[in-house]
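Chain residues, written in single-letter form:
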Amino acid sequence: MPADTPPLMLAAHVTAYGGPEVIDLRRIPRPVPRAGEVLLRILASPVTSGDMRLRSRKVPRGMGLPVRVAVGWSGPRNPIPGWGFVAEVVSGDGLPAGTRVAGLAGFRGGAHAEYICMAANGPLLPVPPSLDTTQTAALLFGGLTAAHFLIDRARLAPTDRLWINGATGAVGCAALRLARHIGAQVTATASAPREDLARSLGANAFHPYENGPPEGPFDVVMDVIGTAPYARARTLLAPGGRHLAVTATLAETLAALLRPRSGGHHRIAGTNSDDRPALQRVLSLMESGALAPIPAQTFAFHDIRAAHAVAETLHKPGALLLLMDR
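Along each chain, residues carry numbers from 1 onward, in the same order as the chain's sequence is written. Predicted model: local features are reported for residues with pLDDT of at least 70 only, side-chain atom pairs are reported and counted for 80 or more only, and whole-chain, interface and lining totals are derived from all residues. Each side-chain value is derived from all of the structure's non-hydrogen atoms; neither hydrogens nor water enter the calculation.

Visitor: So what's going on with the pairing of strand S4 (residues 84-92)? Residues and values would help.
Guide: Bridging between strand S3 (residues 37-46) and S4 involves six bridges; their strand directions are antiparallel. Looking across to S4, one finds that Val38 is bridged to Gly92. Pairing between two strands requires that DSSP report at least two bridges joining them. Secondary structure elements follow DSSP: runs of H or I no shorter than four residues count as helices, runs of E no shorter than two count as strands, and numbering proceeds from the N terminus.

Visitor: Which residues make up empty space enclosed by the protein, and what are the values?
Guide: Two kinds of site are reported from a 1 Å grid over the protein atoms alone, namely cavities, where a 1.4 Å probe fits but cannot get out, and pockets, open sets with protein on both sides within 12 Å along at least five of seven lines, and residues are called lining when an atom falls within 4 Å of a point. Grid points are joined across faces, edges and corners, and a volume is the space filled by probe spheres set on the points. The full count for this structure, using the stated rule, is one cavity of 30 Å³ or more. Every residue along the wall of the largest cavity is listed here: His243, Ala245, Glu252, Ala256, Arg267, Ile268 and Ala269. Only strand S12 (237-245), helix H7 (250-258) and strand S14 (265-268) provide two or more residues apiece to the lining of the largest cavity. Taken together, the residues of the lining of the largest cavity break down into four nonpolar, one polar and two charged. Put simply, Ala, Val, Leu, Ile, Met, Phe, Trp, Tyr, Cys and Pro go in the nonpolar bin, Asp, Glu, Lys and Arg in the charged bin, and everything else, Gly too, in the polar bin.

Visitor: Describe in detail helix H8 (residues 276-288), supporting the description with residues and values.
Guide: Side chains of residues three or four places apart in an α-helix project in the same direction, reflecting 3.6 residues per turn. For a helix, the expected span equals 1.5 Å multiplied by the residue count minus one. Helix length check: H8 (13 residues) gives 18 Å between terminal C-alpha atoms against 18 Å at 1.5 Å per residue, within 8%. With a 1.4 Å probe rolled over the protein chains alone, any residue whose accessible area is under 20% of its type maximum counts as buried; one over 50% counts as exposed, and the rest are partly exposed. Taken as a whole, H8 has its buried residues at Ala278, Leu279, Val282, Leu283, Leu285 and Met286. Around the axis of H8, the buried residues are gathered within 155° of arc, so they sit on the same side. Every exposed residue of H8 that faces more than 90 degrees away from the buried side is listed here: Pro277 and Ser288. Residues count as neighbours in contact if any of their non-hydrogen atoms are within 4.5 Å of one another. Here the buried face of H8 lies against strand S5 (100-104), strand S7 (124-126), helix H3 (133-153) and helix H4 (170-182). Measuring from the backbone nitrogen of Ala278 back to the side-chain oxygen at the start of H8 gives 3.0 Å, which picks out Asp275 as the cap. Looking one or two places after H8, you find Gly289, whose phi comes out positive at around 95°. Arc definition: directions from the helix axis to the C-beta atoms. Residues adjacent in sequence count toward polar contacts only when both atoms are side-chain atoms; beyond that, a polar contact is any pair of N or O atoms within 3.5 Å, and within protein one must be able to donate a hydrogen and the other to accept it.

Visitor: Outline the sheet that holds strand S13 (residues 261-262), supporting the account with residue identities and numerical values.
Guide: The strands making up a sheet associate through backbone hydrogen bonding, with each pair oriented either parallel or antiparallel. As summarised here, the arrangement of the seven strands in space is S10-S9-S8-S11-S12-S14-S13, forming an open sheet in which the pairing is mixed. Among the strands making up the open sheet, the edge pair consists of strand S10 (205-206) and S13. In terms of strand pairing, S13 meets S14 through two bridges, oriented antiparallel. Within the sheet, the bridge partner assigned to Ser262 lies in S14 and is His265.

Visitor: Any chance you could break down the packing of H3 against H8 for me, citing the residues and the numbers?
Guide: With axes taken as lines fitted to C-alpha atoms, and helix axes fitted only over the stretch in contact, angles between N-to-C directions fall between 0 and 180 degrees. Relative orientation of the contacting elements H3 and H8 amounts to 105°, with a least axis distance of 9 Å. Our classification of the angle between H3 and H8 gives roughly perpendicular. Where H3 abuts H8, its residues Thr136, Leu139, Leu140, Gly143, Leu144, Ala147, His148, Ile151 and Asp152 lie against Ala278, Leu279, Arg281, Val282, Leu283, Leu285 and Met286. Here the residues of the contact of H3 with H8 are counted per class, giving eleven nonpolar, three polar and two charged. Should an angle fall under 35 degrees it is called roughly parallel, over 145 degrees roughly antiparallel, and 65 to 115 degrees roughly perpendicular, with every other angle called oblique.

Visitor: Can you break down the environment of Pro7 residue by residue, with the values?
Guide: As for its position among the elements, Pro7 is in the segment before strand S1 (8-13). Taking the relative accessible area as the measure of exposure, Pro7 reaches 41% and is therefore partly exposed. Residue contacts for Pro7: discarding those within four places in its chain leaves Ile28, Pro29 and Arg30.

Visitor: I'd like to hear about the packing of aromatic side chains, residue by residue, with values.
Guide: Note on aromatic pairs: the rings of Phe, Tyr and Trp (six-membered ring only in Trp) are paired at centre separations within 6.5 Å, and the planes decide the class, stacked below 30 degrees, edge-to-face beyond 60, tilted for the rest. Enumeration over the complete set of coordinates arrives at two aromatic pairs. When the ring of Trp83 is compared with that of Phe141, the centres are 5.3 Å apart and the planes differ by 80°; the resulting orientation is edge-to-face. Placement of the pair is Trp83 in the loop between helix H2 (64-71) and S4 and Phe141 in helix H3, with a sequence separation of 58 residues. Here the two residues Trp83 and Phe141 agree in accessibility, since each one is buried. Sitting over a ring, as applied to charges here, requires NZ of Lys or CZ of Arg to be within 6 Å of the ring centre and within 35 degrees of the ring normal. Sitting over the face of the ring of Tyr115, Arg30 holds its NZ or CZ atom 4.1 Å from the ring centroid. Here the basic side chain of Arg57 rests over the ring of Tyr17, its NZ or CZ set 5.8 Å away from the ring centre.

Rendered as structure tokens:
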């Protein structure tokens with residue numbers, strides 16, 4: 001091999017939309033940092049619902065065309081998936097080698113690989129020494145989403161009655177942790193076998209899917225999985241209540257944008273920011289204990305297809321995590 005040939009790395013590749021079988025692991029050249037960038041060795045990376053949807057194109061109703069326009073028509077433009085990570089700095093500008101960092105590649109992807117280059121001044125921050133690598137990676141996606149919807153959009157207060165529909169996935173678990181810290185009264189909905197988990201994470205009451213919707217009223221309804229849209233949940237909302245469509249159809253997204261106040265309620269949809277301030281906040285919430293650890297099912301990198309197969313069920317407890325050194 002010539003001396004100037006870059007070393008290789010293992011990376012996941014998705015070149016066409018489809019099931020977990022479309023994911024290949026390939027040896028490709030390791031990226032080289034440009035000015036202002038750092039080269040990172042990835043330690044752990046979550047497999048999120050967003051990663052699954054961008055691979056499968058199983059998106060909420062009406063979102064198929066926007067996703068293809070934004071991400072790629074016949075397959076992702078960036079073939080390497082992966083939204084977020086915890087990594088170790090190898091070289092580059094701005095951060096000393098060996099620094100453990102958390103970062104957000106965002107929906108452009110790139111984190112499901114052994115190495116990635118990121119701008120040193122982008123969504124990339126040192127992990128506080130008190131935080132565990134696995135727990136930090138597990139909480140990134142759910143923590144960012146929960147903080148955006150519950151703190152920024154709903155302004156959740158200790159006096160609020162909150163219903164979380166889909167309370168034991170990565171987002172739901174983080175929302176339970178955060179709501180318990182805030183002091184709200186939380187009713188959790190998930191499948192019946194997840195009751196103990198939901199209560200251990202902070203639910204005051206549990207209502208299984210099998211029994212239909214719980215009795216209201218609620219000041220805030222957080223629809224994580226998209227089965228309690230405003231049309232179904234509005235009768236459960238108290239006057240002035242807030243409906244959070246975390247997984248929203250195109251129609252719901254447009255309605256929340258064009259008619260944010262409806263029937264005396266506030267309709268809220270959209271996505272959270274994958275930027276440096278959002279990352280700083282979620283790390284601070286973890287460090288303070290406001291976002292305590294959540295369950296995580298871990299996979300070796302070569303088992304990425306199995307992780308995606310679990311993600312596709314939309315009924316897994318906690319987060320799914322790739323550990324690159326396993």
